[in-house]
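# Observations on the model geometry
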Amino acid sequence: GAVVSQHPSWVICKSGTSVKIECRSLDFQATTMFWYRQFPKQSLMLMATSNEGSKATYEQGVEKDKFLINHASLTLSTLTVTSAHPEDSSFYICSAPTGEYGYTFGSGTRLTVV
Amino acid sequence: AQSVTQLDSHVSVSEGTPVLLRCNYSSSYSPSLFWYVQHPNKGLQLLLKYTSAATLVKGINGFEAEFKKSETSFHLTKPSAHMSDAAEYFCVVSDRGSQGNLIFGKGTKLSVKP
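Let me sum up the structure you'll find in this document. (Residues numbered from 1 in each chain as written. Chains lettered and ligands numbered in written order. Predicted model: local features only at pLDDT ≥ 70, side-chain atom pairs only at ≥ 80, totals over all residues. Heavy atoms only, no water.)

### Thoughts on the overall build of chain A
What counts here: By definition, any uninterrupted DSSP run of H or I lasting at least four residues is a helix, any uninterrupted run of E lasting at least two residues is a strand, and each is numbered from the N terminus. The buried label goes to any residue with under 20% of its type's maximum accessible area, the exposed label to any with over 50%, and the partly exposed label to all in between, with areas taken from a 1.4 Å probe on protein chains only. Any two residues whose heavy atoms approach within 4.5 Å at even a single point are treated as in contact. Using a 1.4 Å probe, accessible areas were evaluated by the Shrake-Rupley method; residue-level cover was limited to the displayed protein chains.
Helix and strand counts for chain A stand at 0 helices and 11 strands. The burial tally for chain A puts 50% of its 114 residues in the buried class. Sequence separation of 24 or more characterises 52% of the internal contacts of chain A that already satisfy a separation of 6 or more. Accessible area of chain A: about 5,600 Å², with a carbon and sulfur share of 52%.

Dropping the structure here:
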């Protein structure tokens, strides 16, 4: 079946540095990628939607200059957390539609900013 | 607008007893509904989905859910809980059809006692 490979699975970074998270579709073309954030003991909240070859669409309250999304090819979407702060520590997960009502999720990235 | 309400934040059952995780939805048109399971620090796995076909949907690992339009419900059930079922479960509705964003409920944590 369709697989989305997400890396890294976990990362610890210092406050003020940037972190890039990658999601690759391994056996299908992902024209759309959804990026979610999940705080501890909470549900997933959509941050942004990326579409190949165009600018990402951000949800209200999500800073587009802080969370840079690039979807330069049909198999790769990236999320870069710039100038990370401890409050950005969270579980980030991507998801791509994979046909009729199907969605495939990456395995998630646990980000800890110290 | 679509929304999902999971009525219980935590459900605890004994191994071998039935599981019922409740979900109500709100949608302005015929929705697509999903149940996902998330084990600790892992990504999401699709259990089952409803997409306007049969109202009783069978999923993996013995789970099933029934779409009841009159009650706007999509409760998840399993006849006999297994220890490995302990996880977080999310009821999800699709926004804007098959390629739309997924809107997550707040999740129900299922605990299974030996």
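### What about the state of the cysteines?
Simply put, disulfide is the name for a covalent bond between the sulfur atoms of two cysteines. All names here are of chain A. Our working definition: We call a pair of cysteine sulfur atoms a disulfide when they lie within 2.5 Å.
On inspection of all chains with the given rule, the structure shows 2 disulfides over all chains. Covalent S-S linkage joins C23 and C94, the inter-sulfur distance amounting to 1.9 Å. Since a negative S-S torsion denotes a left-handed disulfide, the C23-C94 link at about -95° is left-handed. With C23 in strand β3 (residues 19-25) and C94 in strand β9 (residues 90-97), this residue pair connects regions lying 71 residues apart in the sequence. Each member of the pair C23 and C94 is classed as buried.

### Some details on the side chain of A:T80
Within the secondary structure, A:T80 is located in strand β8 (residues 76-81). In this structure A:T80 touches A:S18, A:V19, A:K20, A:K66, A:F67 and A:L68, once residues within four positions along its chain are discounted.

### A look at the nonpolar core
Quick reminder of the rule: Residues belong to one nonpolar core when they are buried, are Ala, Val, Leu, Ile, Met, Phe, Trp, Tyr or Cys, and are joined through side-chain atoms within 4.5 Å.
Formed by 26 residues in total, the largest nonpolar core has its most connected members in B:W35, B:L48, B:F74, B:L76 and B:Y89. If we ignore the near neighbours within four places in the chain, the residues touching B:F74 are B:C23, B:L33, B:F34, B:W35, B:L48, B:Y50, B:V57, B:A65, B:E66 and B:F67. Membership of the second largest hydrophobic core comes to 24 residues, among which are A:V11, A:C13, A:A56 and A:V113.

### A few points about a nonpolar patch on the surface
The cut-off we apply is this: Note on patches: the residues involved have over 30% relative accessible area and no salt bridge, like charges join within 9 Å, and the nonpolar side chains Val, Leu, Ile, Met, Phe, Trp and Tyr join within 5 Å. Each salt bridge in this description consists of a side-chain nitrogen of Lys or Arg and a carboxyl oxygen of Asp or Glu lying within 4 Å of one another.
Residues A:W10, A:I12 and A:V114 make up a contiguous nonpolar surface patch of roughly 370 Å² in combined accessible area. Topologically, A:I12 is positioned in strand β2 (residues 10-13).

### Looking at the pattern of salt bridges
Under the counting rule described, the total for this entry stands at 5 salt bridges over all chains. Residues A:E22 and A:R24 are paired through a salt bridge, measuring 3.6 Å at the closest nitrogen-oxygen approach. As a salt-bridge pair, B:K58 and B:E64 come within 2.8 Å of each other at their nearest N and O atoms. With a relative accessible area of 23%, B:E64 lands in the partly exposed category.

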